[in-house]
Amino acid sequence: MLIFSFFKTLTDQVITVELKNDLSITGTLKSVDQFLNIRLDGISVEDPERHPHMMAVRNCFIRGSVVRYVRMAAKNVDTTLLEDATRREIKDAKK
Amino acid sequence: MEGYVDHLVQVILQDGRIIVGKLKGYDIRTNLILADCVEREYSMEQGVEMVPLGLYMIKGDNVAIVAEVDEAKDATINYSEIRAEPLAEIHH
Amino acid sequence: MDHAAAAQISEPLDLVKLALGERVFIKLRGDRTLTGTLHAYDAHMNLVMSQVEESVHIVDVTDAGQPLPPRVERRNVEMLFVRGDSVILISPAQQ
């Protein structure tokens, strides 16, 4: 739940999703679901010369299970809030 | 993925294969039904090869990406001229 | 271990809790390691980290099939989500 909520706070921000096949896709986060599947708009790939495969597409749905990393701007993230939320989630899970 | 139904989509599978077809349905596990599928085979030796496959049901576990094809843009691309390595497979 | 400490650390993820806000070392699948500041985690070991240095350990092979000496590619990311299924281990970073 915690990470799902975290991604929801990033809605409409530009993020880069790096997949487990080394493909990196940058775009605006439009939505995320409980599986951390990601919808991106206005996408571009990191190395279009090597990866022309995404030339004709502008938005995509990425299955959460194929994600290795998501990179984002530090200014979009309140780290203190995140740490507090993480502690709270652990405490609630133990009740 | 609701907005993709009845649209042309490009599905990238876990093994790196690319299948383009019209999305007719999907479920929560990303199982897909694709009509009039064409596999697009990229290679360095020749242009993109288009292999017609027909109606497919793809099991969600094999899906990596579903992308909406901009059909107007797609029509302007001369795929017989494009040379690229196939996409790598997903390594878990 | 005294009673207070035993109560505090009763399962593996409790050790990760103590690392919140601290520098950590992460080993990932695919010969990758990360060091960074940990801000969030969940039961899947999904992580959110900042000021991350990623190292990818690569062994190139010659055309004749001979392995070359290993090399390391490094990269810095200011804010990073790491999907838990790639995580092998988490450790407090040794300075």
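Preceding block: the structure.
All residue numbers here refer to positions counted from 1 along the written sequence of the relevant chain. For naming, the first written chain is A and the first written ligand is 1, with later ones following in the order written. Local features in this predicted model are restricted to residues whose pLDDT is 70 or higher, and side-chain atom pairs enter the listing and the counts only when it is 80 or higher, whereas totals over whole chains, interfaces and linings include all residues.

S.K.: Lay out the overall build of chain C with the relevant residues and their values.
M.R.: Working definition: helices are DSSP H or I runs of at least four residues, strands are E runs of at least two. Numbering for both runs from the N terminus. If you tally the helices and strands in chain C, you get two helices and five strands. Along chain C, helices and strands appear, N-terminal first, in the series α-α-β-β-β-β-β. For the C-alpha atoms alone, the extent of chain C along its principal axes is close to 60 × 30 × 25 Å. To assign burial, the other C-beta atoms lying within 10 Å of each residue's own C-beta are counted, with C-beta atoms placed from the backbone; 20 or more indicates buried, 12 or fewer indicates exposed, and intermediate counts indicate partly exposed. The burial tally for chain C puts 23% of its 95 residues in the buried class. What counts as a contact here is a pair of residues whose C-beta atoms, placed from the backbone, lie within 7 Å. Looking at chain C alone, contacts between residues at least 24 apart form 42% of all its contacts between residues at least 6 apart.

S.K.: I'd love a proper account of the interface of chain B and chain A, names of residues and values included.
M.R.: If you look at the interface, chain B gives 26 residues, while chain A gives 19 residues. Listed by contribution, the elements that provide at least two residues to the side of chain B that touches chain A are β5 (63-69) and α1 (71-76) of chain B. Polarity classes work like this: nonpolar for Ala, Val, Leu, Ile, Met, Phe, Trp, Tyr, Cys and Pro, charged for Asp, Glu, Lys and Arg, and polar for all others, with Gly in that last group. Classifying every residue of the side of chain B that touches chain A gives 15 nonpolar, six polar and five charged. What makes two strands pair is DSSP finding at least two bridges between them. Relative to β5 of chain B, strand β4 (residues 57-62) of chain A runs antiparallel, the two being bridged by five bridges.

S.K.: Outline unusual backbone geometry, supporting the account with residue identities and numerical values.
M.R.: Positive phi values are uncommon outside glycine, yet Thr-30 of chain B reaches one of about 65°. For Thr-30 of chain B, the location among the structural elements is in the loop between β2 (18-26) and β3 (32-41).

S.K.: Let's hear about the interface of chain C and chain A: which residues, and what values?
M.R.: Counting from both sides, the interface comprises 18 residues of chain C and, opposite them, 19 residues of chain A. If you list the elements that add at least two residues to the side of chain C that touches chain A, you get β2 (32-41), β3 (47-58) and β4 (71-82) of chain C. When residues in the side of chain C that touches chain A are grouped by element, the largest group, six residues, is from β4 of chain C. Taken together, the residues of the side of chain C that touches chain A break down into nine nonpolar, five polar and four charged. Two elements, strand β5 (residues 67-71) of chain A and β4 of chain C, share three bridges in a ladder whose sense is antiparallel. Looking at β4 of chain C, one finds that Arg-71 of chain A is bridged to Leu-80 of chain C.

S.K.: How would you summarise helix α1 (residues 2-9) of chain A if you had to cite specific residues and measurements?
M.R.: Since the α-helix turns once every 3.6 residues, residues separated by three or four places project in the same direction. Along α1 of chain A, the residues classified as buried are Leu-2, Ile-3, Phe-6 and Phe-7 of chain A. Down the axis of α1 of chain A, the buried side of the element spans an arc of 135°, and every buried residue falls inside it. Across from the buried face of α1 of chain A, at angles greater than 90 degrees, the exposed residues are Ser-5 and Lys-8 of chain A. Here the buried face of α1 of chain A lies against β2 (24-32) and α2 (79-94) of chain A together with β2 and β3 of chain C. To obtain the arc, one takes the directions from the helix axis to the C-beta atoms.

S.K.: A description of the pairing of β2 of chain C should follow, citing residues and the corresponding values.
M.R.: When a strand is regular, its side chains alternate between the sheet's two faces. Residues and elements named next belong to chain C. As defined by bridge partners, strand β1 (residues 23-28) adjoins β2 across six bridges and the pair is classed as antiparallel. Paired with Phe-25 across the two strands is Thr-35, which belongs to β2. The hairpin formed by β1 and β2 contains three residues between the paired strands, and Gly-30 there has a positive phi angle of roughly 80°. Two elements, β2 and β3, share eight bridges in a ladder whose sense is antiparallel. If you follow Tyr-41 over to β3, its bridge partner there is Leu-47. Between β2 and β3, which follow one another and run antiparallel, lie five residues, and Met-45 among them has a positive phi close to 65°.

S.K.: Which residues make up the environment of Gln-14 of chain B, and what are the values?
M.R.: Positionally, Gln-14 of chain B belongs in the loop between β1 (8-13) and β2. Between the C-alpha atoms of Gln-14 of chain B and Val-69 of chain B, which are 55 residues apart in sequence, the distance is 19 Å. If sequence neighbours within four positions are ignored, Gln-14 of chain B has contacts with Val-66 of chain A together with Asn-62, Ala-64, Glu-89 and Ile-90 of chain B.

S.K.: Any chance you could break down the nonpolar core for me, citing the residues and the numbers?
M.R.: Nonpolar side chains in soluble globular proteins tend to end up buried together. To count as a nonpolar core, a set of buried Ala, Val, Leu, Ile, Met, Phe, Trp, Tyr and Cys residues must be joined through C-beta atoms within 7 Å. Membership of the largest hydrophobic core comes to 64 residues, with the highest contact counts inside it found for Val-17, Cys-60 and Ile-62 of chain A together with Val-66 of chain B. Residues in contact with Val-66 of chain B, not counting those within four places in the same chain, are Cys-60 and Phe-61 of chain A together with Met-1, Tyr-4, Val-9 and Val-11 of chain B.

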